[in-house]
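Okay, here's what each chain looks like letter by letter:
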Amino acid sequence: MTLKLQIIICSTRPGRIGPSVAQWFHEFAREHGRFDCELVDLADFNLPVYDEPNHPRLQKYEHEHTKAWSASVARADAYVFVIPEYNFCPPPSFMNAVNYVYNEWNYKPCGFVSYGGASGGLRSAQLAKQLVNTVKMMPMVEGVMVQMPWELLDDNRVFMAGDHHTGSAGAMLEELAKWAQALKTLR
């Protein structure tokens, strides 16, 4: 049975670059062949600041947006978060989305395709790893860092990856596949 990988666009900001970077990674991951890949956009879920009356661990969701998000997260074996850096941190949309559910994340690996200025979003990814650890996800050491992504878009806003991006992406996908298979036994 093929493992399911969700590539999650974490920025919901108008004019964002995340969809361009995520589309490249989605195509790369599909061609890599280790996963059945699904592109997920947080903006499609329109999650307000956490508004459920019960703790996420109980899975007693009352709102349709939470039920839809829970079902999406639950169907994956692994995740890649395409995540920008906002003021040295992950975007609030990512933090909110992770906190919306709990059990659905447990014992699954995740990786990060981070993007931003000179740091390539590394500070954002490092802080995000602390959060995903607390919901029992296993973040990969390997990741993809994209510096100045706005300089790597063609006239149609298609992301033009360099060799260092594809090399990093391949290494991360190999590790994700190993961890996803191993952690499946815990689920």
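Residues numbered from 1 in each chain as written. Predicted model: local features only at pLDDT ≥ 70, side-chain atom pairs only at ≥ 80, totals over all residues. Heavy atoms only, no water.

### A few points about the overall build of the chain
Consideration 1: Broken down by element type, the chain carries five helices and six strands.
Consideration 2: In sequence order, the chain lays out its α and β elements as β-α-β-α-β-α-β-α-β-β-α.
Consideration 3: Relative to the globule expectation of 16 Å for 187 residues, the C-alpha radius of gyration of the chain, 16 Å, shows essentially globular dimensions.
Consideration 4: With respect to the principal axes defined by its C-alpha atoms, the chain has extents near 45 × 35 × 25 Å.
Consideration 5: Total accessible area on the chain is roughly 8900 Å²; 54% of this is exposed by carbon and sulfur atoms.
Consideration 6: Distance between charge centroids for the chain: 7 Å, based on 17 positive and 20 negative side chains. (Helix = DSSP H or I, 4+ residues; strand = E, 2+ residues; numbered from the N terminus. Rg over C-alpha atoms; globule rule 2.2 N^0.38 Å. Areas by Shrake-Rupley, 256 points an atom, 1.4 Å probe, with all protein chains shown as cover. Lys, Arg positive; Asp, Glu negative; His and termini not counted. Charge placed at Lys NZ, Arg CZ, Asp CG, Glu CD.)

### Brief notes about the state of the cysteines
Consideration 1: Here the structure, examined in full by the defined rule, presents zero disulfides.
Consideration 2: The thiol of Cys10 is unpaired, and the distance to the nearest cysteine sulfur, on Cys110, comes to 10.0 Å.
Consideration 3: Residue Cys110 is classed as buried on the basis of its relative accessible area, which comes to 0%. (Disulfide = S-S within 2.5 Å. Buried < 20%, exposed > 50% of the residue type's maximum accessible area, 1.4 Å probe, protein only.)

### Section: the pairing of strand 2 (residues 35-41)
Consideration 1: Here strand 2 lies mainly inside the structure; five of its seven residues are buried.
Consideration 2: With seven bridges connecting them, strand 1 (residues 3-9) and strand 2 associate as parallel partners. Its bridge partner being in strand 2, Ile7 is matched across the sheet by Leu39.
Consideration 3: Each parallel crossover has a hand, and the one from strand 1 via helix 1 (residues 18-32) to strand 2 is right-handed. (Pairing = 2+ DSSP bridges. Right-handed = clockwise from strand over helix to strand, strands pointing away.)

### A closer look at the pairing of strand 3 (residues 78-84)
Consideration 1: Burial within strand 3 is extensive, with seven of its seven residues counted as buried.
Consideration 2: Here strand 3 shows two buried faces, one formed by Ala78, Val80, Val82 and Pro84 and the other by Tyr79, Phe81 and Ile83.
Consideration 3: Where strand 1 and strand 3 come together, five bridges link them in parallel fashion. By the bridge assignment for strand 3, Ile9 is matched with Val82.
Consideration 4: Two elements, strand 3 and strand 4 (residues 108-116), share six bridges in a ladder whose sense is parallel.

### Focus: the pattern of salt bridges
Consideration 1: Per the stated rule, a full pass over the model turns up 10 salt bridges.
Consideration 2: With its nearest N and O atoms 2.7 Å apart, the salt bridge here joins Arg75 to Glu38. Residue Arg75 is found in the loop between helix 2 (64-74) and strand 3, and its partner Glu38 is found in strand 2; the two are separated by 37 residues along the sequence.
Consideration 3: With a shortest N-O distance of 3.2 Å, Lys178 and Glu175 are connected by a salt bridge. Here Glu175 and Lys178 lie together in helix 5 (residues 163-184), a separation of three residues that amounts to about one turn.
Consideration 4: Here the salt bridges share partners, and the residues they tie into one network are Lys4, Asp36, Glu38 and Arg75. (Salt bridge = Lys/Arg side-chain N within 4 Å of Asp/Glu carboxyl O.)

### Here we look at the packing of aromatic side chains
Consideration 1: Taken as a whole and assessed by the stated rule, the structure comprises 12 aromatic pairs.
Consideration 2: Both rings, one in Trp24 and one in Phe25, keep their centres 5.9 Å apart while their planes meet at 70 degrees; by these two values the pair is edge-to-face.
Consideration 3: Overall, the relative accessible area of 13% leaves Trp24 in the buried class.
Consideration 4: Residue Phe25 is classed as buried on the basis of its relative accessible area, which comes to 0%.
Consideration 5: A connected cluster of aromatic rings, assembled from ring pairs, spans Phe45, Trp69, Tyr79, Phe81, Phe94, Trp105 and Phe112.
Consideration 6: Its end group placed over the ring of Tyr86, Arg13 keeps NZ or CZ at 4.0 Å from the ring centre.
Consideration 7: The positively charged end of Arg123 is found above the aromatic ring belonging to Phe88, 3.6 Å away from the centroid. (Phe/Tyr/Trp six-rings, centres within 6.5 Å; stacked < 30°, edge-to-face > 60°. Lys NZ or Arg CZ within 6 Å of the ring centre and 35° of its normal.)

### What about the side chain of Ser11?
Consideration 1: Residue position: Ser11 is located in the loop between strand 1 and helix 1.
Consideration 2: Within the structure, the side chain of Ser11 is placed 2.7 Å from the side chain of Tyr86, a separation counted as a polar contact.
Consideration 3: Discounting residues that sit within four places of it in the chain, Ser11 has contacts with Arg16, Asp41, Val82, Pro84, Tyr86, Ser93 and Tyr115. (Polar contact = N/O pair within 3.5 Å; in protein donor to acceptor, adjacent residues only side chain to side chain. Contact = heavy atoms within 4.5 Å.)

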